[in-house]
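Given next are the chains, with one letter for each unit.
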Amino acid sequence: GFGKDGKGKGKRPRGPSGPGLPRERITQEPMTGEVAEWKGKYGWITPTVPLEHPMAAKNKGNLYVSMSDLVGGIEALTQGSLCQFHVFSDSSGLGAEECLGS
């Protein structure tokens with residue numbers, strides 16, 4: 001059995017995270033999505049078309065986006081607005097880069 005070491009909410013040591021991890025771009029063409037949440041310096045985007053990728057189910061299918069990945073002179077995204085971006089994968093999951101807000 002799994003016992004207490006199953007998929008609980010235990011505090012496990014956090015692996016490396018954030019915008020500095022090595023990345024691999026997985027999209028050839030820019031995608032679109034809706035801003036699910038913006039938290040000051042980063043946020044989450046729900047892709048319009050769900051991604052076919054082994055890590056796509058992480059983070060409820062949403063993509064991480066950092067303020068440092070916004071282009072076009074913007075410094076924040078508005079929740080509920082559409083944006084365009086490329087998708088990358090790193091060790092913590094999938095994220096959006098070169099993100100253009102609307």
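Conventions and cut-offs
Residues numbered from 1 in each chain as written. Predicted model: local features only at pLDDT ≥ 70, side-chain atom pairs only at ≥ 80, totals over all residues. Heavy atoms only, no water. Phe/Tyr/Trp six-rings, centres within 6.5 Å; stacked < 30°, edge-to-face > 60°. Helix = DSSP H or I, 4+ residues; strand = E, 2+ residues; numbered from the N terminus. Buried < 20%, exposed > 50% of the residue type's maximum accessible area, 1.4 Å probe, protein only. Lys NZ or Arg CZ within 6 Å of the ring centre and 35° of its normal. Disulfide = S-S within 2.5 Å. Contact = heavy atoms within 4.5 Å. Polar contact = N/O pair within 3.5 Å; in protein donor to acceptor, adjacent residues only side chain to side chain. Core = buried A, V, L, I, M, F, W, Y, C linked by side-chain atoms within 4.5 Å.

1. Here we look at the packing of aromatic side chains
Part 1 of the reasoning: One pass over the structure, following the stated rule, counts 2 aromatic pairs.
Part 2 of the reasoning: Ring plane angle 25° and centroid distance 5.8 Å describe the contact between Tyr 42 and Tyr 64, whose orientation is recorded as stacked. Placement of Tyr 42 in strand β3 (residues 42-47) and of Tyr 64 in strand β4 (residues 63-66) is noted, with a sequence separation of 22 residues between them.
Part 3 of the reasoning: Measuring from ring centre to ring centre gives 5.8 Å for Trp 44 and Tyr 64, while their planes differ by 75°; the resulting arrangement is edge-to-face. In this pair, Trp 44 is assigned in strand β3 and Tyr 64 in strand β4, connecting sequence segments 20 residues apart.
Part 4 of the reasoning: The class of Trp 44 is buried, set by a relative accessible area of 18%.
Part 5 of the reasoning: Across from the ring centre of Phe 88, 3.7 Å away, lies the NZ or CZ of Arg 23, which sits over that ring.

2. Remarks on the state of the cysteines
Part 1 of the reasoning: Applying the stated criterion to the full structure yields 0 disulfides.
Part 2 of the reasoning: In this structure Cys 83 is not part of a disulfide, and its nearest cysteine sulfur, from Cys 99, lies 4.0 Å away.
Part 3 of the reasoning: For Cys 99, a relative accessible area of 0% gives the class buried.

3. Observations regarding the environment of Asn 62
Part 1 of the reasoning: Along the chain, Asn 62 turns up in the loop between β3 and β4.
Part 2 of the reasoning: By relative accessible area, Asn 62 is classed as buried at 16%.
Part 3 of the reasoning: Not counting residues up to four positions away in its chain, the partners in contact with Asn 62 are Ala 36, Trp 44, Ile 45, Thr 46, Pro 47 and Leu 94.
Part 4 of the reasoning: Within the structure, Asn 62 has its side chain in polar contact with the side chain of Thr 46 (distance 2.9 Å).

4. Some words on the nonpolar core
Most often, soluble globular proteins have nonpolar side chains that are buried together.
Part 1 of the reasoning: Counting residues in hydrophobic clusters, the biggest one holds 16 residues, and the most contacted among them are Ile 45, Val 65, Leu 77, Phe 85 and Cys 99.
Part 2 of the reasoning: Those elements giving two or more residues to this core turn out to be β2 (31-38), β4, β5 (82-90) and β6 (93-101).
Part 3 of the reasoning: Ignoring any residue separated from it by four or fewer positions in sequence, one finds Phe 85 in contact with Pro 30, Met 31, Thr 32, Gly 33, Ile 45, Leu 63, Ala 96, Glu 97, Glu 98 and Cys 99.

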